[in-house]
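The primary structure of each chain is shown beneath.
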Amino acid sequence: GYALVAYEYPSTLQNLRKINILWNLYAVRKAALDVPPQLLSMIHYLQKQSWINQEPISMMGYSFGSVFIPITYVTAREHGIHLGPGVMAYGGAGIYCLFKANLPVPQFLKPPIAMMAAATFKPIDPIIYAPRMKGDFLIINGIYDTQIPLECAHRLQELVPEPKKVINLETEHMHPDNMELTLRLIKISRTWIEEKRSPNP
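Let us look at the structure shown here. Every chain begins its residue count from 1, and numbering advances along the sequence as written. This being a predicted model, a pLDDT of at least 70 is required before a residue's local features are given, and a value of 80 or more before pairs of side-chain atoms are given or counted; all residues contribute to the totals for chains, interfaces and linings. Each side-chain value is derived from all of the structure's non-hydrogen atoms; neither hydrogens nor water enter the calculation.

### Here's the deal with the state of the cysteines
The cut-off we apply is this: Cysteine sulfur atoms are paired as a disulfide whenever they come within 2.5 Å of each other. For helices the rule is a DSSP run of H or I covering at least 4 residues; for strands it is a run of E covering at least 2, with both sets numbered from the N terminus onward. Remark: exposure states derive from per-residue accessible area (1.4 Å probe, protein chains only) relative to the maximum for the residue type, with buried under 20%, exposed over 50%, and partly exposed in between.
Considering all chains together, one arrives at one disulfide under this definition. The side chain of Cys 97 participates in a disulfide bridge whose partner is Cys 152; the two sulfur atoms lie 1.7 Å from each other. Its torsion about the S-S bond being -90°, the disulfide of Cys 97 and Cys 152 is classed as left-handed. Taken together, the residues Cys 97 in helix α3 (residues 95-102) and Cys 152 in helix α6 (residues 150-159) connect sequence positions 55 residues apart. For the pair formed by Cys 97 and Cys 152, the shared burial category is buried.

### A look at the sheet that holds strand β2 (residues 86-89)
Sheet strands pair via backbone hydrogen bonds, and the direction of the pair is either parallel or antiparallel. What counts here: A strand pair is defined by DSSP finding two or more bridges across the two strands. Axis lines are fitted through C-alpha atoms, for helices just across the contact stretch, and the angle between N-to-C directions can take any value from 0 to 180 degrees. Whether two residues are in contact is decided by their heavy atoms: any pair within 4.5 Å suffices.
Read from one edge to the other, the open sheet built from four strands follows the order β1-β2-β3-β4, with strand pairing classed as parallel. The two strands at the open ends of the sheet, each matched to only one other strand, are β1 (60-62) and β4 (164-169). Recorded for the sheet is a direction-independent mean angle of 10° between the axes of neighbouring strands. Inspection of the sheet shows β1 paired to β2 by three bridges, in the parallel sense. Along β2, the bridge assignment pairs Gly 61 with Met 88. Across the face of the sheet, helix α2 (residues 68-78) comes into contact with β1, β2 and β3 (137-142) while running at roughly 160° to β2.

### What about the packing of helix α1 (residues 25-47) against α2?
Heads up, the condition is: Note on angle classes: values under 35 degrees are labelled roughly parallel, values over 145 roughly antiparallel, values of 65 to 115 roughly perpendicular, and the remainder oblique. We call a crossing left-handed when the near helix sits turned anticlockwise from the far one by less than a right angle, and right-handed when that turn is clockwise. When residue character is reported, Ala, Val, Leu, Ile, Met, Phe, Trp, Tyr, Cys and Pro are called nonpolar, Asp, Glu, Lys and Arg charged, and the others, Gly included, polar.
Closest axis-to-axis distance for the α1/α2 pair is 10 Å, and the angle between their directions is 50°. Of the possible angle classes, the one that applies to α1 and α2 is oblique. At the point where α1 passes α2, the crossing takes the right-handed sense. Residues Ala 32, Val 35, Pro 36, Leu 39, Leu 40 and Ile 43 of α1 touch α2, and the partners they reach there are Phe 68, Ile 71, Thr 72, Thr 75 and Ala 76. Residue composition of the contact of α1 with α2, grouped by class: nine nonpolar, two polar and no charged.

### Considering unusual backbone geometry
At the junction of Glu 162 and Pro 163, the peptide bond is cis and its omega measures out at 0° in the coordinates. Tracing the backbone shows Pro 163 in the loop between α6 and β4. Although it is not a glycine, Ser 63 sits at a positive phi angle of roughly 60°. Relative to the elements of secondary structure, Ser 63 occurs in the loop between β1 and α2. On the basis of relative accessible area, Ser 63 is assigned to the partly exposed category, the value being 22%. Residues other than glycine seldom take positive phi values, yet Tyr 90 does so here, at roughly 60°.

This is the structure:
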């Protein structure tokens, strides 16, 4: 009873974890800022399809994808679109915090470059949009995740308003090679969404 629609990032965003991001920063910025409008375009397209029912569409963002969930939910509501229960897994709030943990540069360069990145990518920072989210949300993080430090994860968990469910798993960051964790996350997410979307008895 589900239609699953996946979003593939522009190739430019593959530079985020490479040293050449410093030379392509504004191209990467443009690509990142284009993601929320593209997601809204997908939602508009889906709402017009004859094979979709009238229930609100749910969104699930995992790892990098979770960064775009807050701004998309807030922007959708501003456009009169009501979205269903959403999932954010292995993400955090605070672009400075996220870049400082992931920049492929020497340690002494991380704070100043992360500060520049925080200013550059401020328009999509979850720290701005998370407090304004409306709906029901599941937030999943790994307590041993070095890509999303607990400082960033806890900030997102605290900023998202109730109702919400927070799960902190004893894992590192999710990875395509870790199929066991991927299947576990799918099960957790699907079970939660099905519970939220089922009509009350």
